[in-house]
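Here are the chains, one letter per residue:
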Amino acid sequence: MLCAKTTFICPECGEPHIPELPHNLTPMYRGGFYKKNGRGPNWEDAAAHCHPDVRKEFLRILKEVKKEYRQKKEPAKSRP
Ligand SMILES: [Zn+2]
C-alpha cells in the first residue's frame, strides 16, 4: 500500500495522506472546520474520522512527541 504512488490529496486538509489517517492541521483544514463547527480544531478532531485503534495510537504518539518537545525545550535555559 505504501509503495503505491497514488497522490491522494485530502480534500479536507489539502495534504497528501492516507484517508484512514488523521488530517494535518493546515490552515485549509482549520478554516473548513471552523466554518462547520464555529471553533478551531485540535488533534483529536483531526483524528475523529479514524478507526478507534488508529485514533488511540495516534493520540498516544502525539503525547510522546509533546513530552519530548518539552524536554528538548528545557536545556535551552543554559544558553550563555
Ligand atoms: Zn486530511
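Computed from a predicted model, the values in this text were never measured in an experiment.

Asker: Hey, could you run me through the overall build of the chain in this one?
Answerer: Helix and strand content of the chain: three helices and zero strands. Moving toward the C terminus, one meets the helices and strands of the chain in the order α-α-α. Counting every position in the chain, which comprises 80 residues, the buried fraction comes to 10%.

Asker: Looking at this model, I keep getting lost on the nonpolar core. Mind explaining?
Answerer: Ranked by size, the top nonpolar core spans five residues in total: Cys 13, Tyr 29, Phe 33, Ala 46 and Ala 47. If we ignore the near neighbours within four places in the chain, the residues touching Ala 47 are Pro 22, Arg 55, Phe 58 and Leu 59.

Asker: What's the story with helix H3 (residues 52–73) in this structure? I'm lost.
Answerer: Between the first and last C-alpha of H3 there are 31 Å, a value that for 22 residues agrees with the 32 Å anticipated at 1.5 Å per step. When you tally the buried positions in H3, you get zero out of 22 residues, a small fraction of the element.

Asker: Teacher, can you tell me more about the confidence of the model for the chain here?
Answerer: For residues with low pLDDT, the predicted coordinates do not support detailed interpretation. Averaged over every residue, the pLDDT of the chain is 89; residues scoring 70 or more account for 85%. Averaged over each element, pLDDT in the chain is lowest for H3 (93) and highest for helix H1 (residues 27–37) (98).

Asker: How should the environment of Tyr 29 be read in this particular structure?
Answerer: Looking at the secondary structure, you find Tyr 29 in helix H1. Note on Tyr 29: 21 C-beta atoms within 10 Å, which makes it buried. The spacing of Tyr 29 and Cys 10 is 19 residues in sequence and 9.7 Å in space, taken between C-alpha atoms.

Asker: Just checking my understanding: could you explain the environment of Gly 14 for this structure?
Answerer: Within the fold, Gly 14 resides in the segment before H1. Accessibility expressed as a C-beta count within 10 Å gives 15 for Gly 14, which makes it partly exposed. Between the C-alpha atom of Gly 14 and that of Met 28, which follows or precedes it by 14 residues, the distance is 6.7 Å. Here Gly 14 is in contact with Ile 9, Thr 26 and Met 28, once residues within four sequence places are set aside.

Asker: Looking at this structure, how should I read the environment of Gly 32?
Answerer: Here Gly 32 shows up in helix H1. Residue Gly 32 is classed as partly exposed on the basis of its C-beta count, with 17 C-beta atoms lying within 10 Å. Along the primary structure Gly 32 and Glu 12 are separated by 20 residues, whereas in three dimensions their C-alpha atoms are 7.2 Å apart.

Reading the values: the criteria
Residues numbered from 1 in each chain as written. Predicted model: local features only at pLDDT ≥ 70, side-chain atom pairs only at ≥ 80, totals over all residues. Helix = DSSP H or I, 4+ residues; strand = E, 2+ residues; numbered from the N terminus. Buried ≥ 20, exposed ≤ 12 C-beta atoms within 10 Å, placed from the backbone. Core = buried A, V, L, I, M, F, W, Y, C linked by C-beta atoms within 7 Å. Contact = placed C-beta atoms within 7 Å. Expected span 1.5 Å × (residues − 1). pLDDT = per-residue confidence, 0-100.

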